[in-house]
Every structure is written in C-alpha cells, then in structure tokens.
Amino acid sequence: MKIRYAPLAVACALMVAVSAQAAPLTFNFGGTLVVVTGLPFLSVGDSFTGSFTIESTALDSDPSPAVGVYYEGFSIEATVGGYAFSSSNAASGCLQCGAVSIEQPNVFGGTTFRAANTYLSTAPVTGPSVDGFSPFGLGLVLNGRSVPVLDSDALPLALEVSSFPERDFFFNFADDSGNVGFALGVLNFAQPVPEASTAAMLALGLGALAVARRRKMR
C-alpha cells in the first residue's frame, strides 16, 4: 500500500512546495494614450505595452486592515511611443520605493489598485531622455471608486482589469528647467503570468496525481 500511493505523496509534496515557494507574479498590460501634456514626442493614440512584477509571497507592510502595500520583488516596465522604460526596487536599492498598493475599501467604499515606481520615495526610471525630457514616474491605477472589486487588501494572484470602471496608465517626465510633462492611457488588459519553473513543477505534480489515480482504478 505504501508503494502504491508513493506517486500521490510525491505529487502532494511538489504542490505544497510550489505553493510555499516565492514566485514572481507578472501582470501584462497595454492600451493607448488618451491625454498627452507637454511632451512633443508622444501623441494621443500612441500605443503602450508593459508589465509589472511582484513576489507572490510579498508581505503587507501597512498595518491598516483597509490598505495593503507590497514591495518585495517589485518592478515595472513599459514601452511608450517606441521608447522602452523600466524601474525596479532591486536595481535602485530602495526597497520601499516602487510598490503595489491596495485600498479595500477606499474612501468611496470601492477598490483602488496601484502599481507604480513610487510610494514612500521614488525608484528611478531607466530609459532614454527624449527631446530634453527625462522619465521619473511610471505606473498604473485601477479605480473601482464605489465598486468593491477585490475582497480584501491582500495581494491578488489574478486581476480582472475589466472589473475596474477606471483604468489609467501614467508616465511623468521632466526637462532641465523643471517643467513636467505627462501622459495618460487607458489599460486594455492585465493578466498574471506564472514563472516557467513554477508552472513546470505544478504540471509535474498534477501528472503524478493522474498516474496515482489511474493505478488506483485498476
């Protein structure tokens, strides 16, 4: 009997190991710019694509039961008007800069989800200076206002962007004179992408479960 159920035990162990392992969650996004102010190199209608990443086991650093703030493993990148930009807590050495933050409920009784390179302070944005403007702000805000999209301020493992009535992508730039320009865009999608090694381990565990079930039915 012990030998017969060995595959089942292995599968369970693998699945427990996968669930306990810190695995990066990557959410992709994309859309088009709807507002451009002070930036001659970007135009309304320009497309953008990008992603942000956070550790699935990141801890909530805010003690409030209505606010969650998650820093571990945070990074964000985007390509706007053909220019690529990125920001990372690890690269900047500032672990309390970029973050995913969640207000549930927010002041209107709904949900606000934010992923950006700034929170208590700003993680630098890496990317080209264009027409004398340098990037310094990069992120997105999903706002439900009075719509409670999420159940709590816990870090979600999946995100249905269409559930948020307001979906904004923002990009801030500044020139040498301190003039600030910005671009706003409407998000089209954001879905989590599992890390390849994690997905492979999970598939192996499910395969072992299937083998154990087949043997049991014989």
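Residue numbers run consecutively from 1 along every chain, following the written order of its sequence. Reporting in this predicted model follows two pLDDT cut-offs: at least 70 for local features of residues, and 80 or more for side-chain atom pairs to be given and counted; totals over whole chains, interfaces and linings ignore these cut-offs and use all residues. The basis for every side-chain value is the complete set of heavy atoms in the structure, and neither hydrogens nor water enter the calculation.

Asker: Before we go on, may I ask you to explain the environment of N89 in this structure?
Answerer: Of note, N89 is situated in helix α2 (residues 89-92). Accessibility here uses a 1.4 Å probe with only protein chains present; expressed as a share of the type maximum, an area under 20% marks a residue as buried, one over 50% as exposed, and anything in between as partly exposed. The class of N89 is buried, set by a relative accessible area of 2%. As a C-alpha pair, N89 and G73 span 16 residues in sequence and 6.9 Å in three-dimensional space. Here a residue-residue contact requires only that any non-hydrogen atoms of the pair lie within 4.5 Å. Setting aside chain neighbours within four positions, we find N89 in contact with Y71, F74, C94, L95, C97, G98 and A123. N or O atoms within 3.5 Å of each other form a polar contact, as long as, within protein, one can give a hydrogen and the other can take it, and as long as residues adjacent in sequence are counted only when both atoms are side-chain atoms. At a separation of 2.9 Å, a polar atom in the side chain of N89 contacts the main-chain carbonyl oxygen of G98. Secondary structure elements follow DSSP: runs of H or I no shorter than four residues count as helices, runs of E no shorter than two count as strands, and numbering proceeds from the N terminus.

Asker: In this structure, what is going on with the nonpolar core? I would like to understand it.
Answerer: Here is a general trend for soluble globular proteins: nonpolar side chains tend to be buried in one another's company. The definition of a nonpolar core used throughout is a set of buried Ala, Val, Leu, Ile, Met, Phe, Trp, Tyr and Cys residues joined through side-chain atoms within 4.5 Å. Counting 37 residues, the largest nonpolar core has F29, F52, V100, F113, F169 and F171 as its most contacted members. Within the residue set of this core, elements represented by two or more residues are β1 (24-37), β2 (47-55), β4 (75-80), β6 (99-103), β7 (112-116), β8 (133-143), β9 (166-175) and β10 (180-189).

Asker: Where do I start with the pairing of β2 in this structure?
Answerer: Within a regular strand, side chains alternate between the sheet's two faces. Paired strands are those between which DSSP finds at least two bridges. The pairing of β1 with β2 spans nine bridges and is antiparallel. The residue of β2 that forms the bridge with P24 is E55. Relative to β4, β2 runs antiparallel, the two being bridged by six bridges. Residue pairing in the sheet places S51 in a bridge with E77 of β4.

Asker: What is the right way to look at the side chain of D175 in this model?
Answerer: For D175, the location among the structural elements is in strand β9. Separated by 3.0 Å, the side chain of D175 and the backbone nitrogen of S177 make a polar contact.

Asker: Would you mind showing me how to read unusual backbone geometry here?
Answerer: Excluding glycine, residues mostly carry a negative phi; peptide bonds, for their part, are mostly trans. The omega torsion across Q104 and P105 is 5°, close enough to zero to call that bond cis. Along the polypeptide, P105 turns up in the loop between β6 and β7.

Asker: What is the right way to read the packing of aromatic side chains from this model?
Answerer: Only Phe, Tyr and Trp rings are paired, with Trp represented by its six-membered ring, and only when their centres lie within 6.5 Å; those with planes under 30 degrees apart are stacked, over 60 edge-to-face, the remainder tilted. Using the criterion set out here, one finds 13 aromatic pairs in the structure. Summarising the aromatic geometry, the rings of F85 and F173 are spaced 5.7 Å apart at their centres and angled 80° between planes, so their arrangement reads as edge-to-face. Remark: F173 occurs in strand β9 and F85 occurs in strand β5 (residues 83-88); sequence separation between them is 88 residues. Across the pair, F173 and F85 agree in class, each one buried.

Asker: Sorry if this is basic, but what is going on with the environment of G185 here?
Answerer: Considering the arrangement of structural elements, one finds G185 in strand β10. The exposure class of G185 is buried, given its relative accessible area of 0%. Expressed as a C-alpha distance, the spacing of G185 and R167, which sit 18 residues apart in the sequence, is 8.2 Å. Not counting residues within four places of it along the chain, the set of residues in contact with G185 comprises T32, L33, V34, F48, R167, D168 and F169.

Asker: Looking at this structure, how should I read the side chain of S88?
Answerer: Residue position: S88 is located in strand β5. Within polar-contact distance, the side chain of S88 engages the backbone nitrogen of A90 at 3.2 Å. Among residues more than four places away in sequence, those in contact with S88 are F74, S75 and A123.

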